[in-house]
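# Fold and contact review
Here is what each chain is made of, one letter per residue.
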Amino acid sequence: MMFDLSPMLLVWLLATLAILTVAGAIYGALRGARGMLWRALAVLALLGWLSGPRSLHPVLRPVPQDALLVVDRSASMQVGHRTAIADHAAEQIMQDAAHLPGLTLHRVDVPGGTGHGTRLFEALDHADLPQGRFAGAIVVTDGMDHDVPPRLPPRFHGANGQTLPLHLLLTAHGEEQDRRLRILSTPPYAIVGQNATIRVQVDDLGAPSASDAILTIRSGDAPPQTRPIQTGTPQDITLPVQHPGETLVGLSVSPLAGEASTENNSEVVRIRGVRDRLRVLLVSGVPNQGERVWRRLLKADPSVDLVHFTILRSPNTDDGTPLSDLALIPFPIRELFQEKIRSFDLIILDGFRNSNILPDEYLTNIADYVRNGGGLLVTAGPEFTQDGTLQDTSLAQVLPAHVGTDGIVTRAFRPALTDLGRTHPVTAGLTEDWGPWYRALRPDQSHGEDLMHGPDGAPLLLLDRVDRGRVAMLLSDQLWLWSRDEGGGGPQAELLRRLSHWLMKEPDLEENRLTARIENGQLEIERHAAGQPVSPEAFVTAPDGKRQPLTLTRTNGVWHATAPATMPGIWSVRQDSLVAFASPVSHDPIERQDLRATATVMGASAKASGGSVSWIADHTPHLRQVPTGSAMSGSDWMGLPVTTAAVAGETRTKDLVPAWAALLAALIFLAIGWWREGH
């Protein structure tokens, strides 16, 4: 503030009158004239008013300011009417801000981060605003934020040391409760035939005390199981793993009265059933190039225990070598083919010529082993047309082909997939630009699934099911040429891996299978039939029990269909005699951990900033500007501090001596002077 004079008369005239008045007062005082001093004061009061004393004040106007309106758009805002409440509040606040001078309100919608929950403070920090013009922030949310800092971000500390407000608007009527089911631990893999243990815990968030609940367990087509559970206490659930491949286990807990949402009352656990170490018996009739391929493949698989025997001497070999000089162990036929045959998952006979090595009773054991669920792979070469061939024994009952004595074909040929082979899981997708083989067998009888052709279109790879077991027969001993890159080579490792695992009943290699998965809210169904008749319609059952038909279309030998699937839980698909299960994968499980609307997470930050916490389900406080240092909220309003600055070249004046005050003072002084003169 400054002072100035705005005289009504010339300055020299006012000064002269003042000097004369003072001189007259001094003269009168010296002569003893009563009242002279008071009359002089009356004249000086009038002269002071005529000099026009005034104060000068700068003209202050609001400085342009920017504020943030942050609207939570995460998944938890879909609960109830939170999104509608947030939209209504944001619209009202934007309208209020439009009428506040110098204020620009920037709206930022914050979606939920994939796998990272809600991150509102990250959005506040990254907002692009002019430097030094930030006035505060308003956050419309359910209060469940996952990046709340331990102290206010630097942006909320103004240049002059003031704290800028953070107003928290919560989209509910008040503090809520929520019951959630948590999976504390689950094994990703479990051995088929053994039990898997899942540890769970049910929490009542916002509830004053623990309570009882009912846990429901669903797995496949089995009837659901229920058991009581105490909230806040971990509990173990033991389930048997009955088949290889993925098993979906649905867990759900009874709702809590008045809870915010039941969405996190259920979870789906995925457990992949795996066989214990697979035992494979490989018997090579004579040393050959192919057995190296088999050993390299099976030894490279850590889940396979390989037992390999090569027949170097037949029982009737007579070369005059004394028994004391032989370093070979006897072939343990009784132990392998009678006592422990059922401990093997797969038996491979590679170029095996019996030659009285195995008595017929042991070959019958192999055939029975197949019928009871075992797997048998036979790779056949010239020995199949010689004396002692396996097709002249009881094992022929399970073999898918018979080769005559003139069935050897010796010339270059390139193996090729059949029409069935192009869609069968064992050979589908294998590139057919293969190198040549030079020997194969031409069967005179065959049955089963023909996946590959040899010379003149003769069967080369046959698969067959025998009762509960499986048999594969490769009618050539030349597969090893692909490992030597003969003529460009071929996919021998992948073919043998698939073939052996199909024989061991790997679910992903079943030629007649139904699979389902859910991605991006779409249920994707795939049916492989490998030449079998297929019903064009499947039936989809949603987690809530609603059942609907779905038509499948065929493309390249595989049947496909898609349908929307946004509901959490286990979906089941049935077609013919097959069933498949699928469940959506949560892309942001953090977001589902707590679905309450609550002030306990962000309320401390709002209070530390001097802002307010308001529940806006019924009423949204209005926005206004308030002077710096004043309260930033009231019963139905919230404020942002307004900053002003002096306008260059503009001032506001105020008279220091009003006319009425000067006249009154002069009259009082004159009255006192007359009174003094009369006495």
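Residues numbered from 1 in each chain as written. Predicted model: local features only at pLDDT ≥ 70, side-chain atom pairs only at ≥ 80, totals over all residues. Heavy atoms only, no water.

### Digging into the overall build of the protein chain
For the protein chain, the count of helices and strands is eleven helices and 36 strands. In terms of overall dimensions, the protein chain is more spread out than a globule: its C-alpha atoms have a radius of gyration of 47 Å, far above the 26 Å expected for 679 residues. The principal-axis extent of the C-alpha atoms belonging to the protein chain is close to 170 × 60 × 55 Å. Within the span of the protein chain, comprising 679 residues, buried residues form 45% of the whole. Of the contacts formed within the protein chain by residues at least 6 apart in sequence, a portion of 73% connects residues at least 24 apart. A total of about 33,700 Å² of accessible surface is found on the protein chain, and carbon and sulfur atoms cover 54% of it. If you average the places of the 59 positive and of the 74 negative side-chain charges in the protein chain, the two averages end up 8 Å apart. (Helix = DSSP H or I, 4+ residues; strand = E, 2+ residues; numbered from the N terminus. Rg over C-alpha atoms; globule rule 2.2 N^0.38 Å. Buried < 20%, exposed > 50% of the residue type's maximum accessible area, 1.4 Å probe, protein only. Contact = heavy atoms within 4.5 Å. Areas by Shrake-Rupley, 256 points an atom, 1.4 Å probe, with all protein chains shown as cover. Lys, Arg positive; Asp, Glu negative; His and termini not counted. Charge placed at Lys NZ, Arg CZ, Asp CG, Glu CD.)

### Some remarks on the sheet that holds strand β31 (residues 571–575)
Spatially, four strands are ordered β28-β27-β31-β32 in an open sheet, and the strand pairing comes out antiparallel. Only two strands of the sheet have a single partner each, and these edge strands are β28 (547–551) and β32 (578–582). Between one strand axis and the next, the sheet turns through 25° on average, direction left out of account. Across five bridges, the pairing between β31 and β32 is antiparallel. Directly across from Val573, in β32, lies its bridge partner Ala580. (Pairing = 2+ DSSP bridges. Axes fitted to C-alpha atoms, helices over the stretch in contact; angles between N-to-C directions.)

### Topic: the sheet that holds strand β29 (residues 553–555)
Taken together, four strands build an open sheet; the order of strands is β25-β26-β30-β29 and the sheet is antiparallel. Every other strand in the sheet has two partners, leaving β25 (513–519) and β29 as the edge strands with one partner each. Strand-to-strand twist across the sheet, computed as the mean angle between neighbouring axes with direction ignored, equals 30°. Relative to strand β26 (residues 522–528), β25 is paired through seven bridges, and the arrangement is antiparallel. In the strand pairing of β26, Ile518 is matched with Leu523.

### Topic: the packing of aromatic side chains
Per the counting criterion, the structure on display carries four aromatic pairs. For the pair Phe134 and Phe156, a centre-to-centre distance of 5.4 Å together with 85° between the ring planes defines the contact as edge-to-face. Residue Phe134 is located in strand β5 (residues 134–141), and its partner Phe156 is located in the loop between β5 and β6 (166–170); the two are separated by 22 residues in the primary sequence. An aromatic cluster is present here, built from Phe413, Trp434, Trp437 and Trp482 joined pairwise through their rings. Sitting over the ring of Phe134, Arg155 keeps its end group 5.5 Å from the ring centre. Cation over ring: Arg547 sits above Phe539, and NZ or CZ is 4.2 Å from the ring centre. (Phe/Tyr/Trp six-rings, centres within 6.5 Å; stacked < 30°, edge-to-face > 60°. Lys NZ or Arg CZ within 6 Å of the ring centre and 35° of its normal.)

### Comments concerning the side chain of Ser572
Take Ser572: it is sitting in strand β31. Under the relative-accessibility criterion, Ser572 is labelled buried at 8%. A distance of 3.2 Å separates polar atoms of two side chains, one belonging to Ser572 and the other to Arg574. Setting aside its immediate chain neighbours within four residues, Ser572 contacts Phe539, Val540, Thr541, Ala580 and Phe581. (Polar contact = N/O pair within 3.5 Å; in protein donor to acceptor, adjacent residues only side chain to side chain.)

Read these as geometric descriptors, not functional statements.
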